[in-house]
Amino acid sequence: MFKVNFLVVGVQKSGTTALYNHLSSHPDVNMGKRKEIHFFDNDSYFSEKVDYSKYHQFFNQKNSNKLNGEITPIYSYWDNSIKRIYEYNKNMKIIFILRNPIQRAFSHWNMESNRDQESLDFYEALIREEERCRVALPSKHRVYSY
């Protein structure tokens, strides 16, 4: 029976895209058809009996003898995702990727600035971080460098 047997989780802006591309080119690794499948953090999949075929559709299941993996960093933060992963595969291997929090925050700030989602310079954004976090609650989008 097909099972995903490893995941990469962690923080945004930590090299997960480069890792996904590298692993996808390895002949003994079967990565998901896209990075960030977002299965275990999607509450709608877990409201009733879980249909794992919705997850498995993102993989070439003919390669079940290979290492089957995916990368969705937010699994490390999402309530219930680790429990859901364990219930899916008790032997799941999890690679946790991190990055220096200052470099990660600056990279995230650059991404948001390039998307025109950030109008403050980096220094001002840091100075106003506490206030901005209060405004962002209950969203979890501001916790990635903690």
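Before any of the text, the structure's been laid out above.
Fair warning: this is a prediction, and the values are worked out from it, not measured in the lab. (Residues numbered from 1 in each chain as written. Predicted model: local features only at pLDDT ≥ 70, side-chain atom pairs only at ≥ 80, totals over all residues. Heavy atoms only, no water.)

Novice: Explain the packing of aromatic side chains to me, please; I cannot follow it from the model alone.
Specialist: The description of an aromatic ring pair uses the distance of the two centres, along with the angle that the planes make with each other. This model, assessed by the stated rule, comprises 16 aromatic pairs. With 4.6 Å between their ring centres and 20° between their planes, Phe39 and Tyr45 make a pair best called stacked. A centroid spacing of 5.4 Å and a plane angle of 75° characterise the contact between Tyr55 and Phe59, whose relative ring orientation is edge-to-face. The class of Phe59 is buried, set by a relative accessible area of 3%. Chaining the aromatic ring pairs together yields one cluster made of Phe2, Phe39, Phe40, Tyr45, Phe46, Tyr52, Tyr55, Phe59, Tyr75 and Tyr88. If you follow Lys3 out to its NZ or CZ, it ends over the ring of Tyr88, 4.6 Å from the centre. (Phe/Tyr/Trp six-rings, centres within 6.5 Å; stacked < 30°, edge-to-face > 60°. Buried < 20%, exposed > 50% of the residue type's maximum accessible area, 1.4 Å probe, protein only. Lys NZ or Arg CZ within 6 Å of the ring centre and 35° of its normal.)

Novice: Teacher, can you tell me more about the nonpolar core here?
Specialist: General note: in soluble globular proteins, nonpolar side chains tend to be found buried as a group. Core analysis: the largest hydrophobic core is formed by 15 residues, its most contacted members being Val4, Leu7, Phe39, Phe40, Tyr55, Phe59 and Tyr75. Secondary structure elements with two or more residues in this core: strand 1 (6-10) and helix 3 (81-88). Not counting the four nearest positions on each side in its chain, Phe40 is found in contact with Phe46, Tyr52, Tyr55, Glu70, Tyr75, Trp78, Ser81, Arg84, Ile85 and Tyr88. Counting 8 residues, the second largest nonpolar core, distinct from the first, contains Val8, Tyr20, Val29 and Ile97. (Core = buried A, V, L, I, M, F, W, Y, C linked by side-chain atoms within 4.5 Å. Helix = DSSP H or I, 4+ residues; strand = E, 2+ residues; numbered from the N terminus. Contact = heavy atoms within 4.5 Å.)

Novice: Would you take a moment to explain helix 3 for this structure?
Specialist: Because the α-helix completes a turn every 3.6 residues, residues three or four places apart line up on one side. When we look at burial in helix 3, the residues that qualify are Ser81, Arg84, Ile85 and Tyr88. Seen end-on, helix 3 carries its buried residues on one side only, within an arc spanning 100°. Where helix 3 is buried, its residues contact strand 1, helix 2 (53-56) and strand 4 (93-97). (Arc of directions from axis to C-beta.)

Novice: Is there a simple way to explain the pairing of strand 1 in this structure?
Specialist: Where a strand is regular, its side chains alternate between the two sheet faces. Counting buried residues along strand 1, 5 of its 5 residues qualify, which places the element largely inside the surrounding structure. Where strand 1 meets strand 3 (residues 67-71), 3 bridges bridge the pair, whose relative direction is parallel. Of the residues in strand 3, the one forming a bridge with Phe6 is Gly69. As defined by bridge partners, strand 1 adjoins strand 4 across 5 bridges and the pair is classed as parallel. When the sheet's bridge partners are listed, Val9 is paired in strand 4 with Phe96. (Pairing = 2+ DSSP bridges.)

Novice: I would appreciate a short explanation of the sheet that holds strand 1 in the present structure.
Specialist: Backbone-to-backbone hydrogen bonds join strands into a sheet, with any given pair of strands oriented parallel or antiparallel. What the 4 strands build is an open sheet, ordered 2-3-1-4; its pairing is parallel. The two strands at the open ends of the sheet, each matched to only one other strand, are strand 2 (29-31) and strand 4. Averaged over all pairs of adjacent strands, the angle between strand axes in this sheet comes to 30°, irrespective of strand direction. Here helix 1 (residues 16-24) sits on the sheet and contacts strand 1, strand 2, strand 3 and strand 4; the angle it forms with strand 2, its principal contact strand, is near 130°. (Axes fitted to C-alpha atoms, helices over the stretch in contact; angles between N-to-C directions.)

Novice: How should I be thinking about the environment of Asn30 in this particular structure?
Specialist: Within the element layout of this structure, Asn30 appears in strand 2. Put simply, Asn30 and Asn5 are 25 residues apart on the chain and 10 Å apart in space, counted from C-alpha to C-alpha. Among the polar contacts made by the side chain of Asn30, one reaches the side chain of Asn68 at a distance of 2.8 Å. (Polar contact = N/O pair within 3.5 Å; in protein donor to acceptor, adjacent residues only side chain to side chain.)

Novice: How should I be thinking about the pattern of salt bridges in this particular structure?
Specialist: Side chains carrying opposite charge are able to pair once their charged atoms draw close together. Evaluation of the coordinates by the stated rule reveals 6 salt bridges. The shortest N-O distance in the salt bridge between Glu118 and Arg132 comes to 2.8 Å. Here Glu118, found in the loop between helix 4 (101-114) and helix 5 (122-127), pairs with Arg132, found in helix 6 (residues 129-136); they are 14 residues apart in sequence, far enough to count as distant. (Salt bridge = Lys/Arg side-chain N within 4 Å of Asp/Glu carboxyl O.)

Without other data, these values stay purely geometric and don't point to any function.
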